[in-house]
Amino acid sequence: MSAPEELRLLPWTTPDGKPCYLSTDTDHSRLSLLADDVETAQMDSGEQVLVGARAVLADAKAGERAVRFALTRATESLEDVLRIAVSRGERTKAGDR
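Predicted model only: the values in this text are computed from it and were never measured.

Enquirer: Can you walk me through the overall build of the protein chain in this structure?
Expert: Across its full length, the protein chain carries 2 helices and 2 strands. Taking 97 residues into account, the globule formula puts the C-alpha radius of gyration at 13 Å, and the protein chain, at 17 Å, lies well above it. Dimensions along the principal axes, computed over C-alpha positions, put the protein chain at roughly 55 × 30 × 20 Å. Of the contacts formed within the protein chain by residues at least 6 apart in sequence, a portion of 50% connects residues at least 24 apart. Of the roughly 6900 Å² of accessible surface on the protein chain, 58% is carried by carbon and sulfur atoms.

Enquirer: Explanation requested: the pairing of strand β1 (residues 7-13) in the structure shown.
Expert: Successive side chains on a regular strand alternate, one facing one side of the sheet and the next facing the other. Inspection of the sheet shows β1 paired to strand β2 (residues 19-23) by 4 bridges, in the antiparallel sense. Note that in β2 the partner of Leu9 across the bridge is Tyr21. Hairpin geometry of β1 and β2 is characterised by an intervening segment of 5 residues between the two adjacent antiparallel strands and by a positive phi of about 90° at Gly17.

Enquirer: What am I meant to see in the pattern of salt bridges here?
Expert: Where charged atoms of side chains with opposite charge meet at close range, the side chains can pair. Evaluated as defined, the whole model comprises 7 salt bridges. With its nearest N and O atoms 3.3 Å apart, the salt bridge here joins Arg8 to Glu39. You can see Arg8 sitting in strand β1 and its partner Glu39 sitting in helix α1 (residues 30-58), a full 31 residues away along the chain. Accessibility expressed as a relative area gives 2% for Glu39, which makes it buried.

Enquirer: What's the story with α1 in this structure? I'm lost.
Expert: One turn of an α-helix holds 3.6 residues; hence residues three or four places apart share an orientation. Taking 1.5 Å per residue, 29 residues should reach 42 Å; α1 reaches 42 Å between its end C-alpha atoms and fits that length. Buried residues of α1: Ser32, Ala35, Glu39, Gln42, Gly46, Val49, Ala53 and Val56, and no others.

Enquirer: Would you mind going over the side chain of Ser32 with me for this structure?
Expert: Tracing the backbone through its elements, the reader meets Ser32 in helix α1. The class of Ser32 is buried, set by a relative accessible area of 0%. Here the side chain of Ser32 touches Thr26 through a polar contact of 3.4 Å, landing on its backbone oxygen.

Enquirer: Any chance you could explain the environment of Met43 here in plain terms?
Expert: With respect to the helices and strands, the residue Met43 is situated in helix α1. Between the C-alpha atom of Met43 and that of Asp80, which follows or precedes it by 37 residues, the distance is 7.9 Å. With residues up to four places along the chain from it excluded, the contact list for Met43 reads Val81 and Ile84.

Enquirer: Quick question: what am I supposed to make of the environment of Leu34 here?
Expert: The topology assignment puts Leu34 in helix α1. What makes Leu34 partly exposed here is its relative accessible area of 42%. When the C-alpha atoms of Leu34 and Arg83 are compared, they prove to be 16 Å apart, with 49 residues separating the residues in sequence.

What counts, and where the lines are drawn
Residues numbered from 1 in each chain as written. Predicted model: local features only at pLDDT ≥ 70, side-chain atom pairs only at ≥ 80, totals over all residues. Heavy atoms only, no water. Helix = DSSP H or I, 4+ residues; strand = E, 2+ residues; numbered from the N terminus. Rg over C-alpha atoms; globule rule 2.2 N^0.38 Å. Contact = heavy atoms within 4.5 Å. Areas by Shrake-Rupley, 256 points an atom, 1.4 Å probe, with all protein chains shown as cover. Pairing = 2+ DSSP bridges. Salt bridge = Lys/Arg side-chain N within 4 Å of Asp/Glu carboxyl O. Buried < 20%, exposed > 50% of the residue type's maximum accessible area, 1.4 Å probe, protein only. Expected span 1.5 Å × (residues − 1). Polar contact = N/O pair within 3.5 Å; in protein donor to acceptor, adjacent residues only side chain to side chain.

What follows is the structure, encoded as structure tokens:
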């Protein structure tokens, strides 16, 4: 980040689903590093969810319960990945200034 007034969208939300932001002038603060670790874990989880969802979809005998579970997890992972993309996009734009 180039200036402390620029906010970083964090990879988690408040208990009521509102976005959380971080104001810092360094990418190496404890909270920034924690956010980086959480983003990495969310991306890894998303890859695992994708593998599982593909397996469920490939199984012609998978029941509604399995499909609903896979879709629920895929939706959660997509939400995480989109939040990460927005956050990283905003930081890329800020770095261009």
